[in-house]
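Chains, contacts and geometry: an overview
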Amino acid sequence: MTEQAARPLPHRLSVAASAAGERLDLFLARSIAGTSRKKVKQALDEGRVRVDGQVRRRAGHLLRGGEKILALVAVDEPQALPRLAVLYQDDWLLAVNKPAGLPSHRTSGGGPNAQDLAAAVLGRHDNPPILLHRLDQDTSGVLLLALTAEANRELARQFSAREVEKFYLALVAGHPPATFAVSNHLKAKSRGRTIAVRSGGLAAQTSFSTRERGDNFALVEARPRTGRTHQIRAHLAGEGYPLLGDVLYGGPAFVEIGGRCVAVARHLLHAWKLNVRHPVSGLELALEAPIPLDFKLFLSE
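Residues numbered from 1 in each chain as written. Predicted model: local features only at pLDDT ≥ 70, side-chain atom pairs only at ≥ 80, totals over all residues. Heavy atoms only, no water.

Our focus in this paragraph is the overall build of the protein. Each helix and strand in the protein was counted, giving six helices and 17 strands. Dimensions of the protein, computed from the C-alpha atoms along their principal axes, are close to 70 × 45 × 40 Å. Here the protein holds 301 residues, and the buried ones make up 47% of them. Long-range contacts, defined as pairs at least 24 residues apart, comprise 64% of the intrachain contacts of the protein with a sequence gap of at least 6. Here the protein displays about 15,000 Å² of accessible surface, and carbon together with sulfur accounts for 48% of that area. Computed over 40 positive and 29 negative side-chain charges, the inter-centroid distance for the protein is 7 Å. (Helix = DSSP H or I, 4+ residues; strand = E, 2+ residues; numbered from the N terminus. Buried < 20%, exposed > 50% of the residue type's maximum accessible area, 1.4 Å probe, protein only. Contact = heavy atoms within 4.5 Å. Areas by Shrake-Rupley, 256 points an atom, 1.4 Å probe, with all protein chains shown as cover. Lys, Arg positive; Asp, Glu negative; His and termini not counted. Charge placed at Lys NZ, Arg CZ, Asp CG, Glu CD.)

Where strand 14 (residues 254-257) lies against strand 15 (residues 260-263), four bridges are found, and the strand directions are antiparallel. The partner of phenylalanine 254 across the bridge, within strand 15, is alanine 263. The antiparallel hairpin formed by strand 14 and strand 15 contains two residues in its connecting segment, where glycine 258 sits at a positive phi of about 55 degrees. (Pairing = 2+ DSSP bridges.)

The way to describe two aromatic rings as a pair is by their centre distance and the angle between their planes. The final tally for this structure, using the stated rule, is three aromatic pairs. Where phenylalanine 180 meets phenylalanine 208, the ring centres are 4.7 Å apart and the plane angle is 15 degrees; that geometry is what we call stacked. Of this pair, phenylalanine 180 sits in strand 10 (residues 179-188) while phenylalanine 208 sits in strand 12 (residues 202-213), and the two are 28 residues apart along the sequence. The exposure class of phenylalanine 180 is buried, given its relative accessible area of 12%. A network of ring pairs unites the aromatic residues Phe180, Phe208 and Tyr241 as a single cluster. The side chain of lysine 273 reaches across the aromatic face of tryptophan 272, ending 4.1 Å from its centre. (Phe/Tyr/Trp six-rings, centres within 6.5 Å; stacked < 30°, edge-to-face > 60°. Lys NZ or Arg CZ within 6 Å of the ring centre and 35° of its normal.)

A few words now on the environment of arginine 213. By the secondary structure assignment, arginine 213 is in strand 12. Among the polar contacts made by the side chain of arginine 213, one reaches the main-chain carbonyl oxygen of proline 176 at a distance of 2.6 Å. (Polar contact = N/O pair within 3.5 Å; in protein donor to acceptor, adjacent residues only side chain to side chain.)

Note on soluble globular proteins: their nonpolar side chains tend to be buried together. One finds Tyr168, Val172, Phe208, Ile232 and Leu236 to be the most contacted residues of the largest nonpolar core, which totals 27 residues. When residues of this core are traced back to their parent elements, those giving at least two are strand 6 (93-98), helix 3 (114-122), strand 8 (140-146), strand 9 (165-173), strand 10, strand 13 (217-224), helix 5 (231-238) and strand 16 (269-277). Setting aside residues no more than four positions away along its own chain, phenylalanine 208 makes contact with Ala178, Thr179, Phe180, Val182, Val220, Glu221, Ala222, Ile232, His235 and Leu236. With 18 residues, the next largest nonpolar core counts Leu13, Ala43, Val49 and Ala59 among its residues. (Core = buried A, V, L, I, M, F, W, Y, C linked by side-chain atoms within 4.5 Å.)

As a further point, take unusual backbone geometry. Unlike most non-glycine residues, aspartate 52 shows phi in positive territory, near 50 degrees. On the secondary structure map, aspartate 52 appears in the loop between strand 2 (49-51) and strand 3 (54-55). With a phi close to 60 degrees, arginine 162 is a non-glycine residue in the positive phi region. Along the chain, the position of arginine 162 falls in the loop between helix 4 (149-160) and strand 9. For arginine 162, a relative accessible area of 35% gives the class partly exposed.

What follows is the structure in structure tokens.
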């Protein structure tokens, strides 16, 4: 079974001499299979196109021939349904490792989502598991679902009472301090962004610690106390350390590593660990999702 999906993918192109004088957007649209001028325009607007190492945003930029282009442009291609790795399962709850690019629940656009795929894993399409929290589509990691009404009530109570401990790994731009914390009020605004506000909004608190540093990026551990929409992303961007690949909040689409330019295809945020009490036995469960491959490119180990 396949599904049409549009995902930003890195493309490396060389401009032939015969393309001299051609518009950048038209060159990209004809050179990248499965894309469109609309998707190319979005990539240009979001700073996801580099020509000879320089970010180019103008669709009408004229090529001279001989340039090297690195572009993160979405393409339509048939993709197999993602597989969910089960991290923990019993009669009351299920924890899975959600891959990046997969919505947590059904969306207006349809397509695969973690909740439906979890139902398929369990073979219970008529009685799907209950989603206890959500991860952004491009955030990977631990996702917890309840399998009974009893488990749902108790686990939902733990989330509401802030008894669940959540640990995220974030790759961020810049040089954050060893530890820092953000406490403010956040409010969802238009175009999908969440912003800090002086009045109104919802209280949001996150503590951060820096675990590893690169030349122009760092690996940060985030521990959110609250669970607001885009909380970690908005807090990091507000402090001047946006997630790598998070173009919505000003994060870079390209990063220099070891003298070469690397395209970042998604915002690099991973729900690493979740500590929760079992809804029936009361025992502490420590659920952990392995660090994804796109993170390891930036890590020393």
